[in-house]
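# Structural characterization, general
In case you want the letters, here they are:
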Amino acid sequence: MGTFMGHFLVGFFSICFSLWWTVQTWIRYFRSRMKDGPKFKCTVTFPCSCLCGRLKHWPIEGFLKVVAMGISFFGEIVLLGGEFGSVNGQHCTMYFFYGMSGIIDILMFFNILLPKGMDYVATILAVTVEGLLLGFHLHHREELDVALHTLLMYVIFAIVLAMLAEMYFKTSPLALFARSFTWMLQGTWFLQIGFILYNPISGAETWDLKAEHSELMTVSMIFAWHMAGGFVLLLSIGVIVKMYMRCRGNDLNSGASAMHSVLLKDSNDNSNAHMNDGELESEDEYQFTY
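Below is a summary of the structure that appears in this document. From a predicted model like this one, the values you see are computed outputs, not experimental measurements. (Residues numbered from 1 in each chain as written. Predicted model: local features only at pLDDT ≥ 70, side-chain atom pairs only at ≥ 80, totals over all residues. Heavy atoms only, no water.)

Along the polypeptide, R31 turns up in helix α1 (residues 4-33). Along the backbone, R31 and K242 are 211 residues apart, and their C-alpha atoms lie at a distance of 10.0 Å. Setting aside its immediate chain neighbours within four residues, R31 contacts G37, P38 and M245. (Helix = DSSP H or I, 4+ residues; strand = E, 2+ residues; numbered from the N terminus. Contact = heavy atoms within 4.5 Å.)

Pasting the structure below:
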């Protein structure tokens, strides 16, 4: 991963998975808001309904993780001269754990005897291993390099927290959105690290790796803008998905309208009951005075 292409591949796969999860989470959320819609539920993977036949129900994400692992292994071993050292060995170790989480996703789909929630455990384990390897990846590095990867470690820690929250709050859309947001941030920041440390554009201005105070401040500011961009993108996708579903004739407010009608009916019934009680009390008082 000590090249631009190495950072690009990891960032690209992270962004692709994040975009897929974001779109599917919004679709699932809006459907849960419809009248008689299914209850919202968090899952590690999503079915690909755009495919045909049985493929639309298959764990495509699991297979894609395994394919991505193979591509990354090929890039680390074959394209870099066939050498297997400590650096690309760390990278291949990280790829292996992500590929293993894809295999777990496939086994969970085919109801192999695995405990419930093992797909969450496998993904959290893969992210934890990524953070562990990255922590020991920074010794004797230049200050700017350390700062860039330290921010990446913060993102990895946030991913683990988001996945744990999703694992325990299975009906919360916010947990799924947190997962999508943190993975998007990881992907875009991997790309940013690649452009800062290994810019492939000829003639581009290079950064001072010894990193003066002003450059460290600039890096933290860029990171904050990555967070802002990821959040705006998440909301923008929600708007686009909502408009698309409305164009297809889905009444996304019917569930809320039905709930409002129920609450209004209950409120009217309670009001009528209180009025009847008041009339009875007044009638009893009148008969007593008479």
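So that's the structure; there's more coming.
The next thing to look at is the pattern of salt bridges. Summed over all chains, the structure comprises 3 salt bridges. Residue R141 is joined to D145 by a salt bridge in which the shortest nitrogen-to-oxygen separation is 2.8 Å. Given a relative accessible area of 32%, R141 falls into the partly exposed group. Judged by its relative accessible area of 8%, D145 falls in the buried class. (Salt bridge = Lys/Arg side-chain N within 4 Å of Asp/Glu carboxyl O. Buried < 20%, exposed > 50% of the residue type's maximum accessible area, 1.4 Å probe, protein only.)

Glancing now at the nonpolar core. V127, L148, L152 and W189 are the most contacted members of the largest nonpolar core, which totals 39 residues. For this core, the elements supplying multiple residues, two or more each, are α1, α3 (86-109), α4 (118-135), α5 (143-168), α6 (173-197) and α7 (213-247). Counting residues per element, this core draws most heavily on α5, which supplies 9 residues. Filtering out sequence-adjacent residues up to four positions away, W189 remains in contact with L148, L151, L152, V219, I222, F223 and H226. (Core = buried A, V, L, I, M, F, W, Y, C linked by side-chain atoms within 4.5 Å.)

We now examine the environment of H137. Turning to its location among the elements, H137 is positioned in the loop between α4 and α5. As a C-alpha pair, H137 and Q90 span 47 residues in sequence and 8.6 Å in three-dimensional space.

Moving on: the side chain of Q24. Topologically, Q24 is positioned in helix α1. You can call Q24 buried: its relative accessible area is 13%. Aside from chain neighbours lying at most four places away, what touches Q24 is F46 and P47.

Scanning the entire structure with this criterion turns up 16 aromatic pairs. Ring pairs connect the aromatic residues F4, F8, F12, F13 and F195, which therefore count as one cluster. (Phe/Tyr/Trp six-rings, centres within 6.5 Å; stacked < 30°, edge-to-face > 60°.)

That's the geometry; what it means functionally is another story.
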